Amino acid sequence: MDGHEHGHHERFASAAQADQWDARYSERDGTMWSGEPNGRLVAEVADLTPGRALDVGCGEGADAIWLAGRGWTVTAIDVSDVALGRARAAAQRAGATVNWLCGDTLRTALPAASFDLVTMQYPALPKAAGDAAMRALLDTVGPGGLLLAVYHDLGDEHRDHMKSQGFDPADYLDADDLAQLLGDDFTVERHAVEPRINPPPDTQHIADIVLRARRH
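Here is a short report on the structure shown in this document. (Residues numbered from 1 in each chain as written. Predicted model: local features only at pLDDT ≥ 70, side-chain atom pairs only at ≥ 80, totals over all residues. Heavy atoms only, no water.)

Digging into the overall build of the chain
Argument step 1. A count of helical and extended segments in the chain gives seven helices and seven strands.
Argument step 2. Starting at the N terminus and ending at the C terminus, the chain contains elements arranged as α-α-β-α-β-α-β-β-α-β-α-α-β-β.
Argument step 3. Counting all 216 residues of the chain, 45% fall into the buried class.
Argument step 4. A sequence separation of at least 24 residues applies to 71% of the contacts in the chain between residues at least 6 apart.
Argument step 5. Split by element, the accessible area of the chain, about 11200 Å² in all, is 49% carbon and sulfur. (Helix = DSSP H or I, 4+ residues; strand = E, 2+ residues; numbered from the N terminus. Buried < 20%, exposed > 50% of the residue type's maximum accessible area, 1.4 Å probe, protein only. Contact = heavy atoms within 4.5 Å. Areas by Shrake-Rupley, 256 points an atom, 1.4 Å probe, with all protein chains shown as cover.)

Now the structure itself:
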């Protein structure tokens, strides 16, 4: 496959991913998520001095809006235009200012070393994008900045159920994959299974894997 074909394949894959998430969000007339920020993000970030934040896979925007309300300057990115439409509307209602970006995080040029916080709450980052793309995302964390990545702690039953829905977790980076990609310029402050904070009442996912790393 030459470079042109590879680039075309990547754009096709991104478009397919966007269509998939748009369709998922469009299954509901109202919002898919609760509109409340993720509990783990609130717990980990509440004591930090606000700076510049990047919210990866921001969905309908609850985390980004919460961060903006606490004084952070927030850039939020998601592949789904449907989700971002809801996020923009929610931000307007809340009086929050957020820089919303529609695109594939791993194929979008983001400024290096420019964020004090990069938050990924239950991200779906495909391994097929390659390690270089993931490292470029990690490089957006500025000196002294924090990477906070939170994943569902999946048992075999969860994995099998997700596969039956056409979504194989093995195709996506998990916390261990991410930890291995962190270079010497990061210090891992925590990489552990933690109880999920304020889980939705109908969820099976009641434990999180939390990866918190500080850039030197």
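Considering helix α5 (residues 131-138)
Argument step 1. All buried positions along α5 are accounted for by Ala-133, Met-134, Leu-137 and Leu-138. Burial along α5 is one-sided: seen end-on, the buried residues are contained in an arc of 145°. (Arc of directions from axis to C-beta.)

Description of the sheet that holds strand β6 (residues 186-195)
Argument step 1. Overall, mixed pairing links the seven strands, which are arranged β3-β2-β1-β4-β5-β7-β6 in an open sheet. Sheet topology places β3 (98-102) and β6 at the edges, where each strand pairs with a single neighbour. Strand-to-strand, the axes of this sheet are offset by a mean angle of 15°, without reference to chain direction.
Argument step 2. Alignment of strand β1 (residues 52-56) against strand β4 (residues 115-121), held across four bridges, turns out to be parallel. (Pairing = 2+ DSSP bridges. Axes fitted to C-alpha atoms, helices over the stretch in contact; angles between N-to-C directions.)

Notes on the side chain of His-205
Argument step 1. Considering the arrangement of structural elements, one finds His-205 in the loop between β6 and β7 (207-215).
Argument step 2. Residue classification places His-205 among the buried residues on the basis of a relative accessible area of 16%.
Argument step 3. When residues no more than four places from it in sequence are discounted, the contact partners of His-205 are His-152, Leu-154, His-158, Arg-196 and Pro-199.

With respect to the environment of Ala-132
Argument step 1. Locating Ala-132 in the fold gives a position in helix α5.
Argument step 2. Overall, Ala-132 belongs to the exposed group, its relative accessible area being 61%.
Argument step 3. Between the C-alpha atoms of Ala-132 and Leu-106, which are 26 residues apart in sequence, the distance is 9.2 Å.

Notes on the nonpolar core
Argument step 1. With 27 residues, the main nonpolar core has Met-120, Met-134, Leu-137, Leu-147 and Leu-178 as its most contacted residues.
Argument step 2. Elements represented by at least two residues in this core include exactly β1, β4, α5, β5 (141-152), α7 (175-181) and β7.
Argument step 3. Setting aside its immediate chain neighbours within four residues, Leu-147 contacts Val-118, Met-120, Leu-138, Val-141, Leu-178, Leu-182, Phe-186, Leu-211, Arg-212 and Ala-213.
Argument step 4. Core analysis: the next-biggest nonpolar cluster, separate from the first, contains 24 residues, Leu-41, Ala-68, Trp-100 and Val-150 among them. (Core = buried A, V, L, I, M, F, W, Y, C linked by side-chain atoms within 4.5 Å.)

Examining the side chain of Thr-105
Argument step 1. Considering the arrangement of structural elements, one finds Thr-105 in the loop between β3 and β4.
Argument step 2. Setting aside anything within four residues of it in sequence, one finds Thr-105 in contact with Val-56, Gly-57, Ile-77, Leu-110 and Leu-137.

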